[in-house]
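Secondary and tertiary structure notes
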There are 2 protein chains.
Amino acid sequence: MERLPKRQRHQQLSRLIEENPFLTDRELTRLLKVSIQTIRLDRLELAIPELRERLKMMAERSYDPVRSLPLHEVIGDIVDLQLDKSGISLFEIREEHVFSRSGIARGHHVFAQANSLAVAVINDEIALTASADIRFIRPARLGEKCIAKAYVRSSGSQKGKAKVEVFTYVGDEMVFQGNFVIYRSRMAGDAGPEGGEAHENRG
Amino acid sequence: MERLPKRQRHQQLSRLIEENPFLTDRELTRLLKVSIQTIRLDRLELAIPELRERLKMMAERSYDPVRSLPLHEVIGDIVDLQLDKSGISLFEIREEHVFSRSGIARGHHVFAQANSLAVAVINDEIALTASADIRFIRPARLGEKCIAKAYVRSSGSQKGKAKVEVFTYVGDEMVFQGNFVIYRSRMAGDAGPEGGEAHENRG
DNA sequence: CGTTTTTTGGCACCAGGTATCAGTATGAAC
DNA sequence: GTTCATACTGATACCTGGTGCCAAAAAACG
């Protein structure tokens, strides 16, 4: 006999709940044409929590301050900042930053941390990323804490440009490295084309 | 007699629940030193729904498709895709993508569109961004529609690496340009270090 | 056929409530 | 003092959406 029916139902169940986590067991009963006990056995086997737990988890996620402001001005917590010299920020790879299947952080989050720090370290009202040269050295994974260190290589007092080098580590492993060129507003009145990133003077 | 106690309690109750919507009536009992019946009367008067309803509402809000996936697998709508050749994606700069003050798009969104497209255009189960060389030519602003065009310059059948060039336009103005190096899984067994971006085979 | 897996039914129980009725305390009004 | 209104508390029945457990029925398999 094909055990498929059960497995198929399991797949369907997973899919249905993923599509609509608000389904009660009773509603699933109608959709899958099996008894409510079977639904519950299935959820047990598949480790799918009950409706209320699902809603609670969703509510918790949406209540999470980190997630509620999906991408704030500065990505990562800046723990050290010496303007026009260097800076350090921390960023923990969480559920919402990774691909669900692989657990690998989406590149732009890692990029965003580095970019934010590169912009923040510039001592100016407005700073704009002009260009960047970046390398993903190894993937950052769920749960890992990324430590980004930025060093201002040339503050660009003369040209309105600054070069900032950023290294991102997990532990002592480098995961990312980038060279950023940042336009700054103060030095030369209009210091060329605007970049793609604004620094709006906060922490 | 001051009716303040009741009003104060009502204020406190509202504040407590706003701060932590996960509080049950029983927990509120402890915090406000009144009976559970009083808590329930208060909630009734203040039209504060029960815990489960609160969680459900939060879950529903977070399930809102627009809000729930702030940064999905692929940023931007891919409107054309010729695997291992080229691709086009559209991305509208919305409120949540810009700095509130300047209305300028945060760089990593523009980057993310380009990066997503560069990865998507590679015809392979897993594709990882290894490095990138990017330039923000002018800022993208709120409401603008970014059109990213990706061209595979060398599909890398031999080395497990592919080079992809991406140009992003608003109208006929170029706002971003990037050269991406993408590792691909299929060609050579272990094609070197993993990059920072995974392609999980969708659309 | 017998055995195993799968499915179903039934029952007790739980949290976190709603709804309703009754009783108590307290202070102000007459 | 008595009466009345308001606030608070208690108790009970009931609801939803489950868990946990046990037993029986049904289906599939060798």
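So, here is what we can say about the structure in this document. (Residues numbered from 1 in each chain as written. Chains lettered and ligands numbered in written order. Predicted model: local features only at pLDDT ≥ 70, side-chain atom pairs only at ≥ 80, totals over all residues. Heavy atoms only, no water.)

Summed over all chains, the structure comprises 19 salt bridges over all chains. With a closest N to O distance of 2.8 Å, Arg43(B) and Asp25(B) form a salt bridge. Separated by 18 residues along the polypeptide, Arg43(B) in helix α3 (residues 36-46) and Asp25(B) in helix α2 (residues 25-32) bring together distant segments of the chain. Between Asp133(B) and Arg135(B) there is a salt bridge, and its shortest N-O distance comes to 2.9 Å. By relative accessible area, Arg135(B) is classed as partly exposed at 35%. One salt-bridge network, held together by shared partners, links Asp25(A), Arg40(A) and Arg43(A). (Salt bridge = Lys/Arg side-chain N within 4 Å of Asp/Glu carboxyl O. Helix = DSSP H or I, 4+ residues; strand = E, 2+ residues; numbered from the N terminus. Buried < 20%, exposed > 50% of the residue type's maximum accessible area, 1.4 Å probe, protein only.)

With that settled, the discussion passes to the protein's contact with DNA strand C. Taken together, 17 residues lie around DNA strand C, and Arg9(A), Thr38(A), Arg43(B), Leu51(B) and Arg52(B) are the ones closest in. Here DNA strand C approaches the protein such that, of its atoms within 4 Å, sugar and phosphate make up 72%. Here a sugar or linking oxygen of DNA strand C and a side-chain polar atom of Glu50(B) are 3.5 Å apart. Sorting the residues of the surface near DNA strand C by element identifies α1 (4-19) and α3 (36-46) of chain A together with α3 and α4 (51-63) of chain B as the ones contributing at least two each. Of all the elements, α3(A) adds the most residues to the surface near DNA strand C, at three residues. Among the residues forming the surface near DNA strand C, the class breakdown is four nonpolar, four polar and nine charged. (Near = heavy atom within 4 Å. Polar contact = N/O pair within 3.5 Å; in protein donor to acceptor, adjacent residues only side chain to side chain. Nonpolar A, V, L, I, M, F, W, Y, C, P; charged D, E, K, R; others polar.)

Here we come to helix α6 (residues 107-120) of chain B. With 14 residues, α6(B) extends 20 Å between its outermost C-alpha atoms, agreeing within 8% with the 20 Å of an ideal straight helix rising 1.5 Å per residue. For α6(B), a buried count of 14 out of 14 residues is recorded, marking the element as mostly surrounded by other parts of the structure. (Expected span 1.5 Å × (residues − 1).)

Ile134(A), Val164(A), Phe180(A), Ile134(B), Val164(B) and Phe180(B) are the most contacted members of the largest nonpolar core, which has 62 residues in total. In this structure, Val164(B) is in contact with Ala118(B), Val121(B), Ile122(B), Ala150(B), Tyr151(B), Val152(B), Gly178(B), Asn179(B), Phe180(B) and Ile182(B), ignoring residues within four places of it in sequence. (Core = buried A, V, L, I, M, F, W, Y, C linked by side-chain atoms within 4.5 Å. Contact = heavy atoms within 4.5 Å.)

Strand order in the open sheet formed by 12 strands is β1(A)-β2(A)-β4(A)-β5(A)-β6(A)-β3(A)-β3(B)-β6(B)-β5(B)-β4(B)-β2(B)-β1(B), with antiparallel pairing between adjacent strands. Either end of the sheet is taken by a strand with one partner, and the two such strands are β1 (77-82) of chain A together with β1 (77-82) of chain B. Across the sheet, the axes of successive neighbouring strands diverge by a mean angle of 20°, strand direction being ignored. Bridge count between strand β2 (residues 86-92) of chain B and strand β4 (residues 145-154) of chain B: seven bridges; the pairing is antiparallel. Counterpart to Ser89(B) in the pairing with β4(B) is Ala148(B). Across the sheet, helix α6 (residues 107-120) of chain A lies against β1, β2 (86-92), β3 (127-136), β4 (145-154), β5 (161-170) and β6 (173-184) of chain A together with β3 (127-136) of chain B, angled at about 45° from β6(A), the strand it touches most. Of the strands in this sheet, β3 of chain A together with β1, β2, β3, β4, β5 (161-170) and β6 (173-184) of chain B are in contact with α6(B), which crosses β6(B) at around 45°. (Pairing = 2+ DSSP bridges. Axes fitted to C-alpha atoms, helices over the stretch in contact; angles between N-to-C directions.)

Take the environment of Arg94(A) next. All names here are of chain A. Along the chain, Arg-94 turns up in the loop between β2 and α6. Take Arg-94: its relative accessible area is 29%, and that puts it in the partly exposed class. For the pair Arg-94 and Gly-143, spaced 49 residues apart in the sequence, the C-alpha separation amounts to 5.8 Å.

This brings us to the packing of aromatic side chains. The geometry of an aromatic ring pair is captured by two quantities: the separation of the ring centres and the angle between the planes. Counted according to the given criterion, the structure contains seven aromatic pairs over all chains. Judged by centre distance (6.0 Å) and plane angle (35°), the ring pair of Phe111(A) and Phe180(A) falls under tilted. Of this pair, Phe111(A) sits in helix α6 while Phe180(A) sits in strand β6, and the two are 69 residues apart along the sequence. The exposure classification of Phe111(A) matches that of Phe180(A), with both residues buried. Judged by centre distance (4.2 Å) and plane angle (20°), the rings of Phe111(A) and Phe111(B) are stacked. Within this pair, whereas Phe111(A) is found in helix α6, its partner Phe111(B) is found in helix α6, the two belonging to separate chains. (Phe/Tyr/Trp six-rings, centres within 6.5 Å; stacked < 30°, edge-to-face > 60°.)

This next bit is on α2(B). Each turn of an α-helix holds 3.6 residues, which means side chains three or four residues apart point in the same direction. Residues and elements named next belong to chain B. Considered for burial, the residues of α2 that qualify are Asp-25, Leu-28 and Leu-32. Take α2 and look down its axis: the buried residues cluster within an arc of 55°, on one side only. More than 90 degrees from the buried face of α2, the exposed residues found are Arg-26 and Arg-30. (Arc of directions from axis to C-beta.)

All names here are of chain A. Across the interface, helix α2 (residues 25-32) lies against α3 with an axial gap of 9 Å and an inter-helix angle of 105°. Taken together, the axes of α2 and α3 lie roughly perpendicular to each other. From α2, Asp-25, Arg-26, Leu-28, Thr-29 and Leu-32 reach across to α3, where they touch Ile-36, Ile-39, Arg-40 and Arg-43. The residue inventory of the contact of α2 with α3, partitioned by class, reads four nonpolar, one polar and four charged. (Parallel < 35°, antiparallel > 145°, perpendicular 65-115°, else oblique.)

Right, let's get into the environment of Val181(B). Residue and element names in this part refer to chain B. The residue Val-181 is located in strand β6 in this model. Remark: the alpha-carbon pair of Val-181 and Ala-118, spanning 63 residues in sequence, is separated by 8.8 Å. Not counting chain neighbours up to four residues away, the residues in contact with Val-181 comprise Leu-128, Thr-129, Ala-130, Ser-131, Lys-161, Ala-162 and Lys-163.

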